[in-house]
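This is what each chain is made of:
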Amino acid sequence: MTTTTIPVLTAGERVGRLTGRLITPLQQGYLKDQSHAVGALARLRRGAGKDFARTPDLWGLCDTGPLHESPAGVRPLGEAELIRAEDAVHVALTLWALHQQSRRTGMHRAGTRTAPQALGTAVRRLMPPGDIDEPVRKRFVRAGNAPDLPAVAQRLREIVVLLRGADIALDYALLAEQLYQWQEPGGPDDVRRAWGRSFHAHRPPQAGNTGAAPDAAGATAPDDTLDLTDKDAS
């Protein structure tokens, strides 16, 4: 008899899945112009860049209750883990609400292997094919070099406004998972590496060419890391 092993999710993966489950019905309702969803997004936008603990008006919208649950065989999250998880969900939800404002297509879109929607991919899509937009790149570098989660949230807010203007979607479940990881020991380096990899790996399509397009950043491998050496990155 074969026993099926159910994979145990990490805390970050739980954060990502919960974020996706919270956003999906709100996004669907907003796109259908349902009043409850439109009102919820307006409230969420007001919380963008603010501390989760200081925005009690959003507690009913950011239902982090599932993070406190402990399914059979799953270790409950400790107090420090819960704080990191709640903050990551809050930042991702409020940034998505800002991103979704006045857009008639969903700005949260789960990425796939063939159609990634990671942060680096989205930022690269803001730039002309075959060229680097230096102001956009510097904003990206500043976000990657942020000293803590509040600073990350503020700097990502600037990028999200640009993505909204260009109608470029983002995988907010993945972003929430990365925001949780950012708060762990050694996490910022791992997240920066992932952001840099997705930036360099993006190949914009070219007419008449089914192969990979050259990237102006000059990356030849998907594990290139984001250059954070700019003097204006802090």
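Nothing here was measured: the structure is a model prediction, and the numbers come from that model. (Residues numbered from 1 in each chain as written. Predicted model: local features only at pLDDT ≥ 70, side-chain atom pairs only at ≥ 80, totals over all residues. Heavy atoms only, no water.)

Enquirer: Quick question: what am I supposed to make of the overall build of the chain here?
Expert: When helices and strands are counted, the chain shows nine helices and zero strands. Going residue by residue from the N terminus, the α and β elements of the chain occur as α-α-α-α-α-α-α-α-α. A buried classification covers 45% of the 234 residues belonging to the chain. Accessible surface for the chain amounts to roughly 12,000 Å². Of this, 52% is attributable to carbon and sulfur atoms. (Helix = DSSP H or I, 4+ residues; strand = E, 2+ residues; numbered from the N terminus. Buried < 20%, exposed > 50% of the residue type's maximum accessible area, 1.4 Å probe, protein only. Areas by Shrake-Rupley, 256 points an atom, 1.4 Å probe, with all protein chains shown as cover.)

Enquirer: Teacher, can you tell me more about the environment of histidine 99 here?
Expert: Position of histidine 99 relative to the elements: it lies in helix H4 (residues 79-100). For histidine 99, a relative accessible area of 0% translates into the label buried. Spatially, the C-alpha atoms of histidine 99 and valine 161 are 6.4 Å apart, while their sequence positions differ by 62 residues. Residues in contact with histidine 99, not counting those within four places in the same chain, are Met107, Val160, Leu163, Arg164, Ile168, Ala169, Leu170 and Tyr172. Looking at histidine 99, its side chain comes within polar contact range of the main-chain oxygen of isoleucine 168, at 2.8 Å. (Contact = heavy atoms within 4.5 Å. Polar contact = N/O pair within 3.5 Å; in protein donor to acceptor, adjacent residues only side chain to side chain.)

Enquirer: Before we go on, may I ask you to explain the packing of helix H2 (residues 35-46) against H4 in this structure?
Expert: Helix-helix packing is characterised by the crossing angle of the two axes and by the distance between the axes. One way to put it is that H2 packs onto H4 with a least axis distance of 8 Å and a crossing angle of 120 degrees. In the crossing of H2 with H4, the sense of the turn from one axis to the other is left-handed. Taking contact as the criterion, the partners of Leu41, Leu44 and Arg45 in H2 are, on H4, Leu93, Thr94, Trp96, Ala97, Leu98 and Gln100. Partitioned by chemical class, the residues of the contact of H2 with H4 number six nonpolar, two polar and one charged. (Axes fitted to C-alpha atoms, helices over the stretch in contact; angles between N-to-C directions. Left-handed = near helix turned anticlockwise from the far one by under 90°. Nonpolar A, V, L, I, M, F, W, Y, C, P; charged D, E, K, R; others polar.)

Enquirer: Any chance you could explain the nonpolar core here in plain terms?
Expert: Residues Leu156, Leu179 and Trp195 are the most contacted members of the largest nonpolar core, which totals 56 residues. At the level of elements, helix H1 (11-31), H2, H4, helix H5 (119-125), helix H6 (134-144), helix H7 (149-165), helix H8 (172-182) and helix H9 (187-201) are the ones that each hand at least two residues to this core. Those residues in contact with leucine 156 that lie beyond four places of it in its chain are Leu95, Leu119, Ala143, Leu175, Leu179 and Trp195. (Core = buried A, V, L, I, M, F, W, Y, C linked by side-chain atoms within 4.5 Å.)

Enquirer: Can you help me understand the side chain of glutamine 27 in this one?
Expert: Along the polypeptide, glutamine 27 turns up in helix H1. A polar atom in the side chain of glutamine 27 sits 3.2 Å from the backbone nitrogen of methionine 107. Setting aside chain neighbours within four positions, we find glutamine 27 in contact with Trp96, Gln100, Gly106, Met107 and His108.

Enquirer: Got a minute to help me understand the pattern of salt bridges in this structure?
Expert: A side chain with one charge can pair with a side chain of the opposite charge if their charged atoms come near. Scanning the entire structure with this criterion turns up six salt bridges. Measuring nitrogen to oxygen at the nearest pair gives 2.7 Å for the salt bridge that ties glutamate 134 to arginine 137. Linking glutamate 134 with arginine 137, this pair stays in helix H6, spanning three residues, or about one helical turn. Using a relative accessible area of 34% as the deciding quantity, one classes glutamate 134 as partly exposed. Residue classification places arginine 137 among the buried residues on the basis of a relative accessible area of 17%. (Salt bridge = Lys/Arg side-chain N within 4 Å of Asp/Glu carboxyl O.)

Enquirer: Can you help me understand H1 in this one?
Expert: With 21 residues, H1 should reach 30 Å at 1.5 Å per residue; the first-to-last C-alpha distance of 30 Å fits that figure. Following H1 by one or two positions, aspartate 33 adopts a phi angle in the positive range, close to 60 degrees. (Expected span 1.5 Å × (residues − 1).)

Enquirer: Just to check I follow, could you spell out the packing of H8 against H9 for this structure?
Expert: Their axes nearest at 7 Å, the elements H8 and H9 cross at an angle of 145 degrees. Contact residues: H8 offers Leu175, Gln178, Gln181 and Trp182, while H9 offers Gly187, Pro188, Asp190, Val191, Arg192, Ala194 and Trp195. Of the residues belonging to the contact of H8 with H9, the class tally is six nonpolar, three polar and two charged.

Enquirer: Would you mind showing me how to read unusual backbone geometry here?
Expert: Both trends apply: most residues other than glycine have a negative phi, and most peptide bonds are in trans. Of note in the backbone geometry, aspartate 33 takes a positive phi value of approximately 60 degrees without being a glycine. Residue position: aspartate 33 is located in the loop between H1 and H2. Look at aspartate 33 and you get exposed, because its relative accessible area is 58%. With a phi angle near 55 degrees, aspartate 167 is a residue other than glycine that sits in the positive phi range. Here aspartate 167 shows up in the loop between H7 and H8. Relative accessible area serves as the criterion here: at 40%, aspartate 167 is assigned to the partly exposed category.

Enquirer: When you look at H7 in this model, what are you seeing that I'm missing?
Expert: Count 3.6 residues to each turn of an α-helix, and residues three or four apart come out pointing the same way. Relative to the 24 Å expected for 17 residues at 1.5 Å per residue, H7 spans 24 Å between its end C-alpha atoms, a close match to the ideal helical length. Burial in H7 covers these residues: Leu149, Ala151, Val152, Ala153, Arg155, Leu156, Ile159, Val160, Leu163 and Arg164. Buried residues belonging to H7 abut H4, H5, H6, H8 and H9. Positioned one or two residues after H7, aspartate 167 has a phi angle of 55 degrees, which is positive.

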